[in-house]
Amino acid sequence: MAEKTTTINRQILRLALPAIVNNVTVPLLGLCDTAVAGHLGSASYIGAMAVGAMMLNVIFWLCGFLRMGTSGLTAQAYGARDEGMSRDVLRKSLTIAAALSLLAIAIQSPLLALLLRVIGPDPAVRDLASLYFRICIWGAPAQLGIMAASGWFIGRQNTVVPMGVAIGVNIVNILLSLTLVFGFRLGFTGIAVGTLCAGWTGLAAILLLVRKNCKEVKDFNDLKDLTPRSPGTVAWGRFFRLNSDLFFRSACIMCVSLAMTSVGARLGETILAANAVIMQFFLFFSYFMDGFAFAGEALVGKAAGAQDRDLLRRSVSGLVRWGAAMAILFFLVYLTGARTITGFLTDNATVREAVADMGIWIMILPPVTVAAFIFDGVFIGLARTRVLLIVTLVASTAFFTLAFLASGPGKLPGNRLLWLAFETYLLLRGVLLAFVYMKNQRKSLIL
């Protein structure tokens, strides 16, 4: 038993560590852009970054199924040693990514107007956020393509390639943003242009690596854990059923996140900026924990494809242990270092004071949210997407009930009530998924 535990821990870390490095670069990019915006002289720039990024994330969150669905199905194909199905999943994902990104570009004006109406930022923030959106929307094909290809590599038990691409993208982004903002004095525009150029660079790199990977398997057939079989496919019907569940789940998550930004904008410029800073704490932990979720998608999906119930059980147990350890670590970091991190993000004294006022909500983020990340990965790997959708619907309902009904008819929730509702929503997602898993662990969870 001890030997099996050691083996599964090594497998988890082999997948999780590169994925963690990958995912940590994403919030670090957000930290860099937020820090650059925070030193341009006004809280409006930080608020505009939050609103502009939120509007783009409406698109990317709704299309999150491109990575998650691709990862889960590819991992199952890998476990079943079906190389044809693996490549077919990628082809279908990239096709949908291209179609959706072109649609987003075509309808960008009405989409922008709708999102600005929903969020309702102040005029100064509105103009800057619109500028950011109109520039970065042209990077949608690159972003969605990277999502699909990254999910494919993760499903094939390879988190090193997405890590390398993410590091390269972020290096390009940071260098370009700093050069354009301060070197060429483009101001806020330089941040958006840097983000756009970095995205297209990343897409070119990951597609070249996809081609190289496919050529190696075809020509040399020397992968240690995968022997390609006769070409297989995944039915469009199954592909759409799985991804439609993930699409509507992403829509629920998007609505909650949009409500957070929208209410913050209506509570004033300072609260909007403070919440943007607090959200960076959540993003840092969430992208870090996604490394273990990605490992869960890969290992659990492989177990499902191979019909290996023992690997499934050991994988989930190991992921839970690692999740608990990381929650404790981040709780201690936020307990002792929240003020220092806030100081790095902004030099605006009013915003820093507002963030310090919300210190308790920052500290409890890791233990409250950890289960949601771990069990999201488990159920994506199992391709049990209907459970993910139902649980997210229940948790989202709890968020809106607590945030808006508790504050009274026609009234906006205060910032503390808003964060209570948000963290309750995250806690429910994890607790309910863990309950479903434990209830069914004696049965076959493998489809």
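You'll find the structure just up there.
Just so it is clear, the model here is predicted, and its values are computed rather than measured.

A.B. asks: What am I meant to see in helix H15 (residues 365-381) here?
C.D. replies: Every α-helix winds through 3.6 residues per turn, so residues three or four apart in the chain are directed the same way. When the terminal C-alpha atoms of H15 are compared, their 25 Å separation across 17 residues agrees well with the 24 Å that a helix rising 1.5 Å per residue should span. The buried count for H15 comes to 15 of 17 residues, which makes it a mostly enclosed element. Ala383 lies just past H15 and shows a positive phi near 60°.

A.B. asks: Please explain the environment of Leu272 as it appears in this structure.
C.D. replies: As for its position among the elements, Leu272 is in helix H11 (residues 269-306). Between the C-alpha atoms of Leu272 and Ala50, which are 222 residues apart in sequence, the distance is 8.1 Å.

A.B. asks: Can you walk me through the side chain of Asn243 in this structure?
C.D. replies: Inspection of the secondary structure assignment puts Asn243 in helix H10 (residues 236-266). There is a polar contact of 2.7 Å between the side chain of Asn243 and the backbone oxygen of Phe239. Filtering out sequence-adjacent residues up to four positions away, Asn243 remains in contact with Phe65 and Gly69.

A.B. asks: Would you mind showing me how to read the packing of helix H5 (residues 108-119) against helix H6 (residues 123-136) here?
C.D. replies: Packed helices, taken two at a time, are described by the angle between their axes plus the distance between the axes. Contact pair H5 / H6: the axes reach a minimum separation of 11 Å and the direction vectors enclose 145°. The chirality of how H5 crosses H6 is right-handed. Seen from H5, the contacting residues are Gln108, Ser109, Leu111, Leu112, Leu115 and Leu116; seen from H6, they are Arg126, Ser130, Phe133 and Arg134. A breakdown of the residues in the contact of H5 with H6 according to their chemical character gives 5 nonpolar, 3 polar and 2 charged.

A.B. asks: Just checking my understanding: could you explain the pattern of salt bridges for this structure?
C.D. replies: Where charged atoms of side chains with opposite charge meet at close range, the side chains can pair. Enumeration according to the criterion identifies 11 salt bridges in this entry. Through salt bridges with shared partners, a single ionic network connects Glu83, Arg87 and Arg156.

A.B. asks: Would you mind showing me how to read the packing of helix H3 (residues 65-79) against helix H4 (residues 83-106) here?
C.D. replies: Between H3 and H4, the shortest axis-to-axis distance is 9 Å and the interhelical angle comes to 170°. It follows from the interaxial angle that H3 and H4 lie roughly antiparallel. In contact with Phe65, Leu66, Thr70, Leu73, Thr74 and Ala77 of H3, H4 contributes Met85, Ser86, Val89, Ser93, Ile96, Ala97 and Leu100. When grouped by side-chain class, the residues that make up the contact of H3 with H4 number 9 nonpolar, 4 polar and no charged.

A.B. asks: Looking at this structure, how should I read the packing of aromatic side chains?
C.D. replies: For any two aromatic rings, the description comes down to two numbers: the centre-to-centre distance and the angle of the planes. In the structure shown here, the tally under the stated rule is 22 aromatic pairs. On the numbers, 5.2 Å between centres and 75° between planes, the contact of Trp152 with Phe153 is edge-to-face. Note on Trp152: relative accessible area 0%, which makes it buried. The class for Phe153 is buried, based on a relative accessible area of 1%. For the pair Phe282 and Phe422, a centre-to-centre distance of 5.5 Å together with 80° between the ring planes defines the contact as edge-to-face. You can see Phe282 sitting in helix H11 and its partner Phe422 sitting in helix H17 (residues 415-440), a full 140 residues away along the chain. A residue is classified by how much of its surface remains accessible, and Phe422, at 3% relative accessible area, is buried.

A.B. asks: Honestly, the environment of Gly343 in this entry has me stumped. Any pointers?
C.D. replies: Looking at where Gly343 falls in the secondary structure, it is placed in helix H12 (residues 309-345). Linking Gly343 and Ala35, residues 308 residues apart in sequence, is a C-alpha distance of 9.6 Å.

A.B. asks: Can you help me understand unusual backbone geometry in this one?
C.D. replies: Negative phi values dominate among residues other than glycine, just as trans dominates among peptide bonds. Backbone geometry places Arg81, a non-glycine residue, at a positive phi of 60°. Along the chain, Arg81 turns up in the loop between H3 and H4. Positive phi outside glycine occurs at Ala383, with the angle close to 60°. By the element assignment, Ala383 lies in the loop between H15 and helix H16 (385-405). The exposure class of Ala383 is buried, given its relative accessible area of 11%.

What counts as what
- Residues numbered from 1 in each chain as written.
- Predicted model: local features only at pLDDT ≥ 70, side-chain atom pairs only at ≥ 80, totals over all residues.
- Heavy atoms only, no water.
- Helix = DSSP H or I, 4+ residues; strand = E, 2+ residues; numbered from the N terminus.
- Expected span 1.5 Å × (residues − 1).
- Buried < 20%, exposed > 50% of the residue type's maximum accessible area, 1.4 Å probe, protein only.
- Polar contact = N/O pair within 3.5 Å; in protein donor to acceptor, adjacent residues only side chain to side chain.
- Contact = heavy atoms within 4.5 Å.
- Axes fitted to C-alpha atoms, helices over the stretch in contact; angles between N-to-C directions.
- Left-handed = near helix turned anticlockwise from the far one by under 90°.
- Nonpolar A, V, L, I, M, F, W, Y, C, P; charged D, E, K, R; others polar.
- Salt bridge = Lys/Arg side-chain N within 4 Å of Asp/Glu carboxyl O.
- Parallel < 35°, antiparallel > 145°, perpendicular 65-115°, else oblique.
- Phe/Tyr/Trp six-rings, centres within 6.5 Å; stacked < 30°, edge-to-face > 60°.

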